[in-house]
Each structure stands twice: as C-alpha cells, then as structure tokens.
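Fold and geometry: a report
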Amino acid sequence: MKLKIFFLLLCCTWLGAQAQSLTGNVLIKNGTVLTVTKGTLENTDVLVKDGKITQIGKNFVAPAGYKVIDASGMHVMPGIIDAHSHIALSVVNEATQPNTGQVFVGDALDPLDVSIYRALAGGCTTSHAMHGSANAIGGQCETIKHRYGTVDADALRMEGAPRTIKFALGENPTRVHGSGNGIVPRTRMGVEHVIRQSFAEGKEYMEKWDEYKAATKVKGFRGAPPVYDYRLETMADILRGNIIIHCHSYRADEIYMLLNVCKDFGVKKLVFQHVNEGFKVAPELAQFGAMASVFADWWAYKFEVYYSTAYNAAILHKNGVVTSINSDSEELIRHLYHEAAKTQKYGGLTDDEALAMITINPAKQLGIENRVGSIEVGKEADIAIFKGHPLSSYTIPMLTIVDGVVRFDREKDADDQRIYVDPKGNNDNATFHKYYHNHENCLEGAEQTMVKLFGFN
Amino acid sequence: MRKQYRLWQLMLLVCWCWATNLQAQDEVVLTPVTKTYAITNVNINQAPGKKIEMGTILIKDGVIKAVGKNITIPADAWVIKADSMQAYAGFIDGFSRTGVTKPKEEGRERQKDPGNPPPDKAGITPQNDVRAFINPADKAIEEWRNAGFTIAHVAPYGGMLPGQSALILLGGSGTDNMVLQSNAALYSELTPAERMYPNTIIGVMAKFRELYLQASITKNYEAVYASNRNGLERPQPDRVLQAFYPVIDKKQAVAFKAEKVLDVQRVINLQKDLGFNVTLVDVKEGWDVINKIKAANAKVFLSLDLPEKKKEEKKEDKKDDKKESKSDKPKTATEFEKEALDKRKEEFTNKYFGQASAFQKAGIAFAFSTNNAKAKDIPATLLNVIAAGLTEDQALAALTTTPAQLLGISDRVGTLEVGKMANIVISDKSYFNEKAKVRYVFVDGVLYKQEVKEEKKAENTGKKADASGRWSYTAETPQGANTGIISIKNDGGKMTGTLTSSMANRDYELQDIVLDGNKLSFFYTADFGGNSLKVEFNVALDATSFEGTMTAGRFGSFPVKGNKEP
Amino acid sequence: MKKSLNTIAIAIALLLTLSYTFAQSPKGKYGTFALTNATVYTVTKGILTNGTVIIRNGKIEAVGTNITIPSGAEVIDCKGQFIYPGMIDSGTRLGLVEVSSDPRTTDFNEVGDIVPQMKALTAVNPNSALIPVTRVSGVTTVIASPEGSMFPGTAALINLHGYTPDQMYAGFEGVVLNFPNTGRRGFWDRRTDDEIKKATDKAMEKLNDVWEKATQYHKLDSATNGKGVGYYPELQALLPVLRGKQTLLIEANASKDITAALKWIKEKKIKRVVLTGVLEGWRVADEIAKAGVPVIAGPVQAVPSREYDRYDRAYANPGLLRKAGVIVALQTGQAENVRNLPYHAAYAAAYGMGQEEALKAVTIVPAEIFGLADKLGSIEVGKSATLFICDGDPFETKTNIKQVFIDGWQIPMVSRQTQLYDEFLQRDPGVNKVKQ
C-alpha cells in the first residue's frame, strides 16, 4: 500500500511544485496578424482574456481593465519557440556517466538568468531548456515559458508540457567518456551499444516491477521488491512512450542508427537536434515520423559538421520532415526570426513555411502544439509584435507577451534588467565571448568537468 | 593542476606537524571553586519583552534556582556584582561548524568509474555523526561564547549528505559533556561531489530522491522481514539508507543548507516531492520566497553572514560636497550608470539586512544561524538588522526563545526562568548598544569570564612602534597552530630579520619589512621540495605583543599573535 | 599515440575530400563583361538606375547610363537587379581555419606572445571549402587575422578568389595587437578581479617593454642604415608600424581598455592605427571620436558584455559610434559564417546606424581604412572589378546573390553547400534502393 504512494509520488515529481502562472487581459489592435497556421490577416485585432486568445477579428472594443496595444503598422506573430536552448539553467551537463537519464535540468532552473529577458527581447516566449550532450543518454529537460521578472523558478515551467530527455550521438559522448575516461562509448558503435543496453535494462526493470506489483495484489504476498533505480525508471518511461527523445546528432549514419534502435524497442517519439546531416537521410526520417530541429547555418566548428549545408532545413522540410530552427545559444535565441528567414535564402521557403520553423513546428516537437505556436482562438496568448516583417533583416521586436502579460516592451525597456544583484559583486566586470570558440553550448560544463575528471586539456 | 595538488599535500603534512607540536605543551586547568553563583543587581531580560530591573539570578548545579528581587543569597555562592549590567538567556546558534573539525582531505585518486563511486567518496555519509568530529579545544567555541552564544546546532563537513547534526553547548570538558542532543537532524547540502557522480546540483537532487525512495522501499521490506523471516530473502543492510529511516518516520527533520534564493526553492521542491520535515539553515536570500517557505512548513534559520555594509552618512556628505564644487559640470552617462549600479547594489545589501524583518512581518518563526560569519562581527550585524526594521525584542527572540522552540529544547533553554539550564550572557550595556561588551557567560552553570581588552592596538597611532627584537608567534590554521620565532634588527631605519618556524629546520630571510605607525608587514618565501610559497604577515603591534594575519599563498589567511621575548 | 594517429587520419580524409570537391567545381572566368540595365549602388557616387557596368582586364572600365558596350563583351542583362561593390569583412579568420575544434586545421594562433612576424598571408588556404561558401554570398574581401596572444602576427586583406596567397592578396597588411584585456574571456573564466588586474598590469608592463625595445631598435636601425642591428624578427616586424608605414590593429573591447589603448596610442605617437572589436565602444564613443582613431566594430550579432547592459548594446554599438563621429567599419570575427556579414550590417543599420552608413561600413570605409580607396569599396571607373549582382537589398535574407565578380573574374556561383542541396533535395535512391 505504502509502495503505491511512492509511485504516485514519483509520478507527481514532475508535475509538482507548480506556482500559479500569471495571466493577463490584452487587446492588440489593428496589426498585421501572422497566424502561421491560418494565413495573414491585415488590420486585425486579437483579444486576450486570462492569458488565452479568445477572439480574432476587427474593430473590437476593449473591455474595461484590458491593456490596449496599438499595433498599427506592426506585425503580430505567435511567440517564438526554441526547441533547443540552455538558458535559465544553473547546470547543463552531469557528465559523469554515459547514461544520466535520472537527472533533470528542471531541478536547476534559474529564473534570474538575464538571458531569458534577452530572449524575450527577440520575441522568444518558450524554450526547451535542455541537458547537454556529454552523455549518450543525458538528463531530462524542461520546457519553459519566459515569464521573466519573478524569482519563482516554478513559474518558468510550462505546466503540463510533455516530459523530454536529451540523447547525444557522435563526437561529444565518445570524447567525454571513451577518449576521456576509457569507458564505452569511444566510437559510434559504442554509442549504439550504450543506448541498446539502457533500453534493454529498462525493459527488464519495467517487467520486474510490473511482475512484483502484480504479485503484491495477491493476498498474503510476502516478497522482496526489486532494487529501485531512478535511471531505469526513466528508461522504462521512455519505453512506455511517456518521454519524447530529443537527440543531439550530426552524421547521417548515427541518425539512421537511432532510428533503427528506436524501431527495435518500439519507441516512437523522436526528435533529432542539430541533425546537420539529416538532409542525407531525409526520406528515412520522414518515413519514421521523426522530427528535426536544426541550426540555420552553423557548420564546420567541428569535424562531424564539416559536410553540412545551410539548405538542410529546406531539404528536410521538402521531404516531409517536421523541421524547426533552434538556437542552442544565448545569442541566437535573441534573433530566431532572422535565423528562420535564412531558410528563404537557402531553399526559398515561403513566409509561412519559414515562420512555422520557429513557431508551430517546434511546438509539435515539444508536444505543445495544441497550446502555443500559432495565433488561434483558444491558444495561449504568447505573442510577439514586430516593427517590420519579422523575416526582414531590419525588423525590430517591439513587444513580447507571455500568457497575456507584456514581458518585454522596447519603448519602456530599462537598461539594467537583473532581478538579483550581488551585493559583493564588482560592477566593472565585462565578459567578451568569442562565439566561434564555443559554438556548441551543449558541452557547457562538460569541458570543465573533463579537465577536472580526467586531467584532460 | 597536479603541481598544485602536491603542494596541498605538503601543506597538510606541514600543518599536521604544527598541530602535534602544540599538543606537546602541558596545561593545568583548574576546576571551578563552586557550582553556586549569585548574579546581583542586574537587569534581567527574562524573555523578550519580559524584564526585571535590578534583580538577582541564583544558579546552582547548572540550573537557574531563582530569578527576581529580594532573593536570599546562599553562603556558598560566588557573588557576581553585575551592577546595572544586562542579563539574557544564552544565545542559540541555529547552524554552524563551531567546534567541528574539518576532516583531512584524502588524496584525490581518480575514480575508475566516476558514474558509480562508493558513497563515502561521493559525499554521501548520512550515517556519520558530528560527535566524532567535535574538538572541545576549538578556538571558535570560545569566540562564539564570548559573543554570547551558549548553544550551537552543528553538523559535520562533507558533501551532499555529511551526516547527523547535534546541539552542543559552547563550553564543557569533553565532547559527550558538551552534547545537549545528538542526531538532531539529518544534515544535507546541495553540494556536488568533485570529479564523480553526483557532480552537479541536478545530480545531487536526483541522487537524494533515489536514496530516499530506496530507503522507503527497503524500510518497508525490512519490516515485512522482521515480522516473519521464514522463507524470505535477507534484506541487505545499508547504513546510508538506514540513516533515512527516522526522516521517513518524521522522527527527524532534514536540516538543509539553503543560502541563495534558488537553493531555498530547490530544497523546498525536494521536500514537496518526498514529504520530509525540513529545516532550512544558512538562509541568506529568503525574502522573496517566504510564501513557499510557509507552505512547506519549514523551520528557518537566517544567516548572520551578511555583506559588508558601507558607512552611509559619511559618504553622503562627501557626495554633497562634490556636487556643490562640481555643479558646473554635468554628469556623464558613465557617471549616471555607475550611480544607478551602486544604488542597486545598496538596495540589495539592504534586502540582506532587511530579511529578518521581512520574515517577522510575514509571521514566520525564524532564528539565526552563524555559519561562515565572524563572531566579532555579530553585534554590528545585529545592529544593522535592527536598523533595517527588526525590534530589539524580536532580535532577542531570534537569538533565544525561537531557536529553542525550533530546535525542540525550549523546555530547557531560551529564557531566564527558574528551572532552566543556566545558560546566561551578561553584557555591560544592552547587548544592542554599539559599545556593549559581553562580560560574563554561563554555559550549563559554568562561568566564563571575559577579559575586557583595552583597545590599545588599533588606536595606538601617533607613537611609532618598535619592531626590533625577538618575537615568538602562534598562527591559527584549520589544521592546528604554527609557532616560531621572528627576529628583527633595525639598522638606522633599515630593517632586516629572520623567521624560524616549527615547520622547518631553517631560518627564512624576511623581505619587504615595512613598519607604518604600529602596522608591521613583511613576507618570506617558504619552500617545500621545490615548490615555493609566499607567506605574508600583516600585524599591528605594541611594545610587548602583536596581532594580525598570516597569509600563506593560496591556502588563505590565518590569525596570528605574537609576544616579545625578554 | 593512438589519438594522434586518429587526428592524422582525419586530416588526410579532409585533404582527400577537399581535392575531390574541387575537382568537380566549375572554374572562374576572366574576360570582358557588360552588366546592363541594373540599378547600380556605387556607394560613393549615388545610385544609378538603368545603369551599365563594363568589366575589362580585371577593372571597372565604365559605369553609367549611356555606355557603349565593347565588342566581344559578354552581356549580362541585369534587368530588375542590383549591382553593389563586393562586401569587405574587416576581421575574420577565414582561410586560417577549416574545422575550428580540430587544432590540426587551425593556423591562426602561433606559439609565443610576441610573434608579430607571423604572417597570416602565408597560412591562408586558397582551397578552403569555407571560401566558396563565403564569396557566393557577396562577401568578396576579408581580413584574415591571426589571434590569441599579445602580438599574434600580421593580418592580411585577401580577395576570396585565387589559387595562391599572392593571387588573393588585396594590398593591405596590418600588425595585430591584443591590448591588455580587463574583461573575462567567457563564462568559464573564473579569475578573481584581483587576478585579472594583476594579469593586465603584467601584460601592460610587457607591452611597454616590447615597445621600448622596438623604439631602440628603430633608432639603431635608422642610425646605421640597417647595418648595426642583428636579425631580430619580432622587432623587425614592428618597424613599419613605428615608422608609420604600416597599420597597427589594436583589439580592445572593454571601455576601460579602449580608454587605456587610446592613451597608449597617444603616448607612443602611433600614426596608423585602428581599434578593433570595440564592443563597449559606445560607452566611450566621444573619446574615440576625439582621438580620431577609426574602428572596426563587431561582431554586431553578439550579447552585451555585462549582465546589466541593455540587451541591444552590441546591435546599437556601430550606430552610436558613428553618431559620435567615429569612422566605423564592421567585422564578423568569424570563419565559416563570414557569409553573415550583410546581416551584421543590417542589424547595425536597424539599430541606429542607418542603411547607407551600414553599407559604407562594409565597403568604402574599410577600403579607406586600409588605404585602398582607389581600388576597392565602390563602383567607380578604374577600381578593381570586385562586385556582385543581386535581386534585392543584399542585407535582406530573402535576396539572392546572382553573380559575383572578384578582380574581374566571374566566380562560379556554387559551393559545397549548394552542391549538397542539388544532390540531396530529391535523393535518388530514396527510401527504396530497388526501383519499383
């Protein structure tokens, strides 16, 4: 009996700790509304009540107490969704073992990260805060809404969003564990082995517990329970279809490998991340129903992305793969609209197709497409308002709304947006990133750990 | 990296040598003459808001026998004439490492499989008992007692689960004698292990959940097994998991260190998931999450290790002066920016000091914890906390009655009432007066008298001190004391000198000897097997003694004292 | 041992594939071209509608609305299209790196902190796969710069066409100086304020020491007509800078460091000098303007350098500098994505610099800074025929670059990235190898 409670507790773990989300009432007047899913509507109003879009039409009069935004001459689009980021996290990598399915980056959310505000200033309202790519099976990730302005970490969580987990193939896990520590995997063969082994053990574990639980239902049962294992619990949940896999990958062969492994274990929810050579196996991805979340044009920062092309997104999309453009970067997350526009240069996508890459498509990949990703009645009011068309290089994001609450307003933007200030901190403290040195934020923390763990330099 | 590690090892070795050296000196400790005391003519702060003017406190055998006016003083009593002084119940520290020895760091051999290290290597030692690490001779005990503290809640050093905490008296002849209550809580931190799992906060939280759930399951099965062992697999005993059993039964709370606002929330999330009773200690940034703390029904100890507070008034004056003199020159954007940034910093400094008041207003019972704070800073810190909105009575409650209640010992301590333990602090003025000095402290009925030092050293300016001669010195390091002799010669203003330390069989040449007023500084370069280490001294001296710090490179600064040899 | 073998294997594979790709690539074409019916953005002489540009012998022979087309010229009808001068990225590592995480393919950071004699031009790989990817986007000319230490070497301006460094050389070299930096280098840089100060002070001491030695060397060299001094490559490389014959490119980003650099420039009386990076230039824009030192700002698409800085500081920086009267060119600081230079410029334009100034910042301004205003940076008679034809505003992502000319060579509009597109858009075989 008590055991049951523990399992219940376990299930609640991820849904627990939810603070009440802040919602607002807004009327956005007279904008060019890019709904993404239902075309473009000129001179149109959008009415938002309690954080939800309740009406789209013309000449609405704002009910009392509603905030009114005049969007004349501006473009109104759904809040941008980033299917791959590491902002708002205190920790990215638990790089100590090839499978860390038990850890959860949602435990280390950082609502004070000013990157959240900067993402909002680029129209981005939702992101997928991911574990890093140091391990073949990394930690579980958290889908967050950019409700910047609170210290409440739980307020960032997008309540009810499906669970997701990070996998990683290729150079990163083989370098960290194989080359770094002499532990499988050192090769792409080893990566397959680690994943197959984890799934197989997860399956065994799941069966053992199912058996035990069935046995306990028989009156007078007395027996020892299997050893409880947090990591295998996660594997079992993947096999049960309760967790979407988001897999860091580059080369066509490794992508193909994971498709086969997932087929063998009946795992269907699969999104590839980065997936620079996805275009080479686009027909296979489409047939499986796997999705792809890619960089607009990043390549050549490491060997496994040397044979990439900026036309990747267009090829994937035209082959029927649901494709999104992601950032994996606190810098890019501020202009995903611009990154999406590059699919027009590289492959000639239409405006709606390009915009879908940063709205409804990433929403599908995170399993939240019924709630966000387009401007439709009934959806959550995550909205970005631009001066100029968002796919123009000269566009400027002006206002960003999350759940009907204005979280960024360029006209009223104050310089210092830090929520907390270190009383002992030094104000004269600048950091100059060399972007080309840390293209892959995925390995954040892992490099340091590697140095510490293995004296690897 | 490797080089640094070797140096560390050497340093430890050296420290160990110092410690053994010190123990060689024998000391005779005289026992108290009587166990009966009468403190007369004293203003008695019996409990916050409850005062008796000019009364007497009678103590016998470690217990308060009488409090009030017109009390007959027995013949065997040692009478303390505390004329117009202030008596309070001894202060209670909600969390610190006072009296706790830091275990020596073991050689950090690389884990073959860093994903599955043995628990003790990974900082998972919940079965450890802080009593094994208490050193009654720890200098900190005296320092905190001198500041008015008589009881501290202490825990072992370590990683995510360092072990069982205890309530100790800050005075006593030995560990057992000092311990008021053992196994006070299961102490935990969100501290990752180095170079192995759990290497991050997310690893720590996952590991904590797993251990807790494993413990729940094994505990159940052990009960099944105990009821009838026949035919059942023998449960595997596991001390790590067993340490969670009292927590699961709610017989014991988890005392969780939670300094920052995010730490507090993370700990509360664990608590919510698993349902244990939680005590938050060392809280520095709790003001914005009071509601969460309330909802978790957590007990709270607010940190007294607060940021330095600038002396505002003087600065304001200066600014005004500048403004007037430079009024013709408009401020640049950079100046505006700097001003705005300084203002925000100040705003947050004020929030740190205002935290206690915020908790008070929210109606949450809280007390203080002193971890990482310096005993000598406490009176000033408390004054700042009071300036930020707490009343003196509320501050006194947070030092006495509330911690007693939160730690479950209010039947014995926290007030100056008949029957309570004789833990008493007596200061010459109100404790919350800037110039107050603690004069007497009773711990468990034992009197500790505090010498009131004349502040000759700091204020001895004007007259130039003389550094020449032979000085013996003692430096306090975490591993023990380092002693030695410093000889300084003054040849017409040019000073030379040598240092002989207990840690090496050679003399070191002193370099850069500078005497500025009564401030003396110099350094020497020690060498250990090819590695050199710069050791700096910065001390203030008078004719016969000095006091200051010794800084040994990256190993940190340690207090040092010295006396002139005849 | 095994590891290094691996690396060698990778390097060999890399070389093999490189030559393979290029064997298939079409070649450039030299000749006489008449680009007709175009809207010509000359940059320096306004916008011509219905204009014609004649390219012959590698130069722009004629520009105008009423131009006779030479016989034998290949006519390219540019109706509805635009002609712009080739864009110049004033700070990159292009040609010096192939795969940045693989040290075997990186050639921008030599050992030693004072190595100004290391010449980027030597290590530029004309056959880098990154070059075609870049030039088909309209970026024709870049500074290839060494980096890392205090004096990491001498940067070179190169045109992105040619089979030897000499064929690529565009006529400018400058000595790079990384001015002592008080900023942190990334999230992983956990040095204390004190440690940073000590390191900066030490670096400053070293810099002054180098300069003093170079000054002495210059005096001795001058006094003895070069005969009284021995071989001293480091100082020899600095001589032209001391003598005002070569430009010193000083990288400084923190406002404090920029101020210090300006003071240093004044103290040392350095004549030809440019500040690069200047991410916090906006904070001290007036000082820079007053000193009259031009800057190469960027990357523009970057996060602010301080947590409390306004989110768009890096976007707005070039515009704020320009408004204060500073001469501003732009850089991406990239290698594989130098192709994004027009977008960095667009961001600078949108956040205060304006389109016209932003266009100048990637064309005529860098040409002037590098002393090449007679050769590059605008569509003018007599200048190098380094330009491109496009179907819209080149700073817009939707715009396609139709044709690029570099030094009069018609550049094949393909790169490995376009080739992969052609091959894989409709892969054959698809899922089934056996055709039904």
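As the structure is a prediction and not an experimental result, all values here were calculated from the model.

Right, let's talk about the overall build of chain B for a bit. The number of helices and strands found in chain B is 14 helices and 27 strands. Taken across its 566 residues, chain B has 42% of its residues classed as buried. Counting contacts in chain B only where the partners sit at least 6 residues apart, residues at least 24 apart contribute 64% of the total.

Another point: the overall build of chain A. Assigned secondary structure in chain A consists of 12 helices and 16 strands. The C-alpha atoms of chain A give 23 Å as radius of gyration, which agrees with the globular expectation for 457 residues (23 Å, within 12%). With respect to the principal axes defined by its C-alpha atoms, chain A has extents near 70 × 55 × 55 Å. In chain A, which comprises 457 residues, the proportion classed as buried is 61%.

Once that is clear, we can look at helix 2 (residues 139-146) of chain B. Three- or four-residue spacings in an α-helix give side chains the same orientation, since the helix completes a turn every 3.6 residues. Residue and element names in this part refer to chain B. Of all the positions in helix 2, only Ile141, Trp144 and Arg145 are classed as buried. Axial view of helix 2: buried residues confined to an arc of 105 degrees, hence all on one face. Contacts made by the buried residues of helix 2 are with strand 6 (91-96), strand 7 (149-154), strand 17 (438-443) and strand 18 (446-449). Phi turns positive one or two residues past the end of helix 2, at Gly148, with a value near 110 degrees.

Taken together, the contact pairs 47 residues of chain C with 48 residues of chain A. When residues of the side of chain C that touches chain A are traced back to their parent elements, those giving at least two are helix 10 (341-353) and helix 13 (416-424) of chain C.

Residue and element names in this part refer to chain A. Across the sheet, 8 strands lie side by side as 6-7-8-9-10-11-12-13; this open sheet has mixed pairing. Each of the sheet's edge strands pairs with one partner strand only, and the pair in question is strand 6 (80-85) and strand 13 (323-325). With strand direction ignored, the average angle separating the axes of adjacent strands in the sheet is 25 degrees. By the bridge criterion, 6 bridges tie strand 9 (residues 163-168) to strand 10 (residues 243-249) in an arrangement that is parallel. Considered in strand 10, the bridge of Phe167 is made with Cys247. Against the sheet, helix 6 (residues 252-265) contacts strand 10 and strand 11 (270-274), and its axis sits at roughly 155 degrees relative to strand 10.

Below, the discussion takes up the sheet that holds strand 14 (residues 299-303) of chain B. Residue and element names in this part refer to chain B. Within the open sheet, the 6 strands sit side by side as 8-11-12-13-14-15. Their pairing is mixed. Among the strands making up the open sheet, the edge pair consists of strand 8 (163-164) and strand 15 (366-369). Pairing of strand 12 (residues 253-257) with strand 13 (residues 278-283) involves 4 bridges; the strand directions are parallel. Its bridge partner lying in strand 13, Ala255 is registered against Thr279. Set on the sheet, helix 7 (residues 261-274) makes contact with strand 12 and strand 13; between it and strand 13 the angle comes to about 170 degrees. Lying on the sheet, helix 10 (residues 333-362) is in contact with strand 14 and strand 15; it crosses strand 14 at an angle near 155 degrees.

Glancing now at the interface of chain B and chain A. Many structure descriptions define interface size as the accessible area lost when the parts assemble. Taken together, the contact pairs 43 residues of chain B with 41 residues of chain A. Mapped onto the side of chain B that touches chain A, the elements with two or more residues apiece are helix 4 (201-227), helix 7 and helix 10 of chain B. Residues of the side of chain B that touches chain A, tallied by class, amount to 21 nonpolar, 10 polar and 12 charged.

Moving on: the environment of C:Thr32. Residue and element names in this part refer to chain C. Summarising the element assignment, Thr32 is placed in the loop between strand 1 (29-30) and strand 2 (33-41). Residue class for Thr32 comes out partly exposed when judged on the 17 C-beta atoms lying within 10 Å of it. For Thr32 and Val303, which are 271 residues apart along the polypeptide, the C-alpha to C-alpha distance reads 45 Å. Those residues in contact with Thr32 that sit more than four places away from it in its chain are Ile55, Arg56, Pro70, Gly72, Ala73 and Glu74.

A few words on the packing of helix 9 (residues 313-323) of chain C against helix 10 of chain C. All names here are of chain C. As a packed pair, helix 9 and helix 10 sit with axes 7 Å apart at the nearest point and diverge in direction by 60 degrees. Between helix 9 and helix 10, the angle is such that the two are oblique. Handedness of the helix 9/helix 10 crossing: right-handed. Contacts from Tyr315, Ala316, Pro318, Gly319, Leu320 and Arg322 of helix 9 reach helix 10 at Tyr347, Ala348, Tyr351, Gly352 and Met353. A class-by-class count of the residues in the contact of helix 9 with helix 10 yields 8 nonpolar, 2 polar and 1 charged.

On to helix 11 (residues 378-387) of chain B. Residues and elements named next belong to chain B. Where helix 11 is concerned, the buried positions are Ile378, Pro379, Leu382 and Val385. Projected down its long axis, helix 11 carries its buried residues within an arc of 120 degrees, all on one side. On its buried side, helix 11 packs onto helix 10 and helix 12 (392-399). Looking at the residues trailing helix 11, positive phi occurs at Gly389, about 130 degrees.

Quick look at the pairing of strand 15 (residues 396-402) of chain A now. Walk down a regular strand and you will see the side chains alternate between the two sheet faces. Residue and element names in this part refer to chain A. Counting buried positions along strand 15 gives 6 out of 7 residues, so the element sits mostly inside the fold. Both strand 14 (residues 383-387) and strand 15 contribute to a ladder of 5 bridges, which runs antiparallel. The partner of Ile385 across the bridge, within strand 15, is Leu399. Sheet topology places strand 15 next to strand 16 (residues 405-409); 4 bridges connect them, and they run antiparallel. The partner of Ile401 across the bridge, within strand 16, is Val406. In sequence, strand 15 turns back onto strand 16 through a hairpin of 2 residues, with Asp403 there showing a positive phi of about 50 degrees.

Residue and element names in this part refer to chain B. The contact between helix 4 and helix 7 brings their axes to 11 Å, and the two run at 25 degrees. The pairing of helix 4 with helix 7 is recorded here as roughly parallel in orientation. As for how helix 4 packs across helix 7, the hand of that crossing is right-handed. Residues Ile201, Met205, Phe208, Arg209 and Tyr212 of helix 4 lie in contact with helix 7, whose contacting residues are Arg266, Leu270, Asp273 and Leu274. Here the contact of helix 4 with helix 7 is built from residues that sort into 6 nonpolar, no polar and 3 charged.

Right, let's get into the pairing of strand 9 (residues 153-159) of chain C. Residues and elements named next belong to chain C. With 7 of its 7 residues buried, strand 9 lies for the most part within the structure. Inspection of the sheet shows strand 8 (residues 139-144) paired to strand 9 by 4 bridges, in the antiparallel sense. Within strand 9, the position partnered with Ile143 by the bridge is Leu157. Pairing of strand 9 with strand 10 (residues 169-178), which is carried by 5 bridges, proceeds in the antiparallel orientation.

What counts and how
Residues numbered from 1 in each chain as written. Chains lettered and ligands numbered in written order. Predicted model: local features only at pLDDT ≥ 70, side-chain atom pairs only at ≥ 80, totals over all residues. Helix = DSSP H or I, 4+ residues; strand = E, 2+ residues; numbered from the N terminus. Buried ≥ 20, exposed ≤ 12 C-beta atoms within 10 Å, placed from the backbone. Contact = placed C-beta atoms within 7 Å. Rg over C-alpha atoms; globule rule 2.2 N^0.38 Å. Arc of directions from axis to C-beta. Pairing = 2+ DSSP bridges. Axes fitted to C-alpha atoms, helices over the stretch in contact; angles between N-to-C directions. Nonpolar A, V, L, I, M, F, W, Y, C, P; charged D, E, K, R; others polar. Parallel < 35°, antiparallel > 145°, perpendicular 65-115°, else oblique. Left-handed = near helix turned anticlockwise from the far one by under 90°.

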